[in-house]
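# A look at the structure
For reference, the chains in residue letters:
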Amino acid sequence: MEKVMQIIESSVLQVAVDEKGAQLVNLVSKNNQSDYFKDGDTQNRLKIVFAENGQDEKNLAELLPWTVVDKGDARVSLTLIDNSASYKKFPYHFEVIVSYVLEENRINIKCYLKNNSHKEMPFSLKFLLPISEEWDIKENINEFELNKMDIKVKFASTNLTLVLRDENFIATTNDEILNGNQSTEFTMTLTAN
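Worth saying up front: this structure is predicted, and the values here are computed from it rather than measured.

Cut-off values and rules
Residues numbered from 1 in each chain as written. Predicted model: local features only at pLDDT ≥ 70, side-chain atom pairs only at ≥ 80, totals over all residues. Heavy atoms only, no water. Pairing = 2+ DSSP bridges. Helix = DSSP H or I, 4+ residues; strand = E, 2+ residues; numbered from the N terminus. Axes fitted to C-alpha atoms, helices over the stretch in contact; angles between N-to-C directions. Contact = heavy atoms within 4.5 Å. Polar contact = N/O pair within 3.5 Å; in protein donor to acceptor, adjacent residues only side chain to side chain. Salt bridge = Lys/Arg side-chain N within 4 Å of Asp/Glu carboxyl O. Buried < 20%, exposed > 50% of the residue type's maximum accessible area, 1.4 Å probe, protein only.

### Quick word on the sheet that holds strand S1 (residues 5-9)
Taken together, three strands build an open sheet; the order of strands is S1-S2-S3 and the sheet is antiparallel. Two strands close off the open sheet at either side, each with one partner strand: S1 and strand S3 (23-29). Strand-to-strand twist in this sheet, taken as the mean axis angle between neighbours without regard to direction, amounts to 20°. Relative to S3, strand S2 (residues 13-18) is paired through six bridges, and the arrangement is antiparallel.

### Remarks on the sheet that holds strand S10 (residues 106-115)
Spatially, S7-S8-S9-S10-S18-S14-S13-S12 is the arrangement adopted by the eight strands of the open sheet, whose pairing is antiparallel. Where the open sheet ends on each side, the last strands, each with one partner, are strand S7 (66-72) and strand S12 (136-140). Within this sheet the neighbouring strands show an average axis-to-axis angle of 15°, counted without direction. Taken together, the six bridges between S7 and strand S8 (residues 75-81) define a ladder with antiparallel strand orientation. Looking at S8, one finds that Thr 67 is bridged to Thr 79.

### Digging into the environment of Lys 38
Within the secondary structure, Lys 38 is located in strand S4 (residues 38-39). The spatial distance from the C-alpha of Lys 38 to the C-alpha of Asn 59 is 24 Å, given a sequence separation of 21 residues. Those residues in contact with Lys 38, other than ones at most four positions away along the chain, are Gln 43 and Lys 148.

### Remarks on the side chain of Ser 77
Among the secondary structure elements, Ser 77 is positioned in strand S8. Within the local environment of Ser 77, its side chain forms a polar contact with the side chain of Ser 99, the two groups lying 2.6 Å apart. What Ser 77 contacts, discounting residues up to four positions off in sequence, is Thr 67, Val 68, Val 69, Asp 70, Ile 97, Val 98 and Ser 99.

### Here's the deal with the pattern of salt bridges
Pairs can form between side chains of opposite charge once their charged atoms are near each other. Summed over the entire model, instances satisfying the criterion amount to eight salt bridges. For the salt bridge of Glu 9 with Lys 30, the shortest nitrogen-to-oxygen distance reads 2.7 Å. On the criterion of sequence distance, the pair formed by Glu 9 in strand S1 and Lys 30 in the loop between S3 and S4 is long-range, its members being 21 residues apart. Residue Lys 30 is classed as partly exposed on the basis of its relative accessible area, which comes to 33%. Across the pair Glu 62 and Lys 47 runs a salt bridge whose closest N-O atoms are separated by 3.3 Å. Note that Glu 62 is positioned in helix H1 (residues 60-63) and Lys 47 in strand S6 (residues 47-51), a separation of 15 residues in sequence. Lys 47 gets classed as partly exposed once you look at its relative accessible area, which sits at 28%. One network of salt bridges, in which partners are shared, links Asp 39, Glu 134 and Lys 148.

Right under this line is the structure:
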């Protein structure tokens, strides 16, 4: 299957989002053409994991197709909707919308989740980014700052838990339960300097 990338940009950054998995692939500074997600020959990605609590190996964000529902010069939104095959593995009707919005040197990531079932839906949501040993890491409350030579990236969120585990930056919900016919939203900001 051919990779389809959605490119968005501000006056400072250019970003590529892979439609497969709605993954943030490139975070490039227009000033010096540095890709903040590239470590040597390795192109890292901000991967999304959406699964039933404790079932990360059944990542619906990778198993189901994403569809672009909104696209502008500096924004893109993709949606993930259950189907009959996913319902057999995860017996809930749901919709996930992930939006990437650029504002100068910042990316606002918003994840909207709706439980379209009449029953409670247990879920976990994670954003994962591999981090090499080359990065210096400064950790604050609800904030991570990664520094390498002249590159600095700050991750911040008020409703996701930010942790570093097994050489991965992880922004995660705790195991959550979303009531029937309810919705919730999670946000994270990446600031590149």
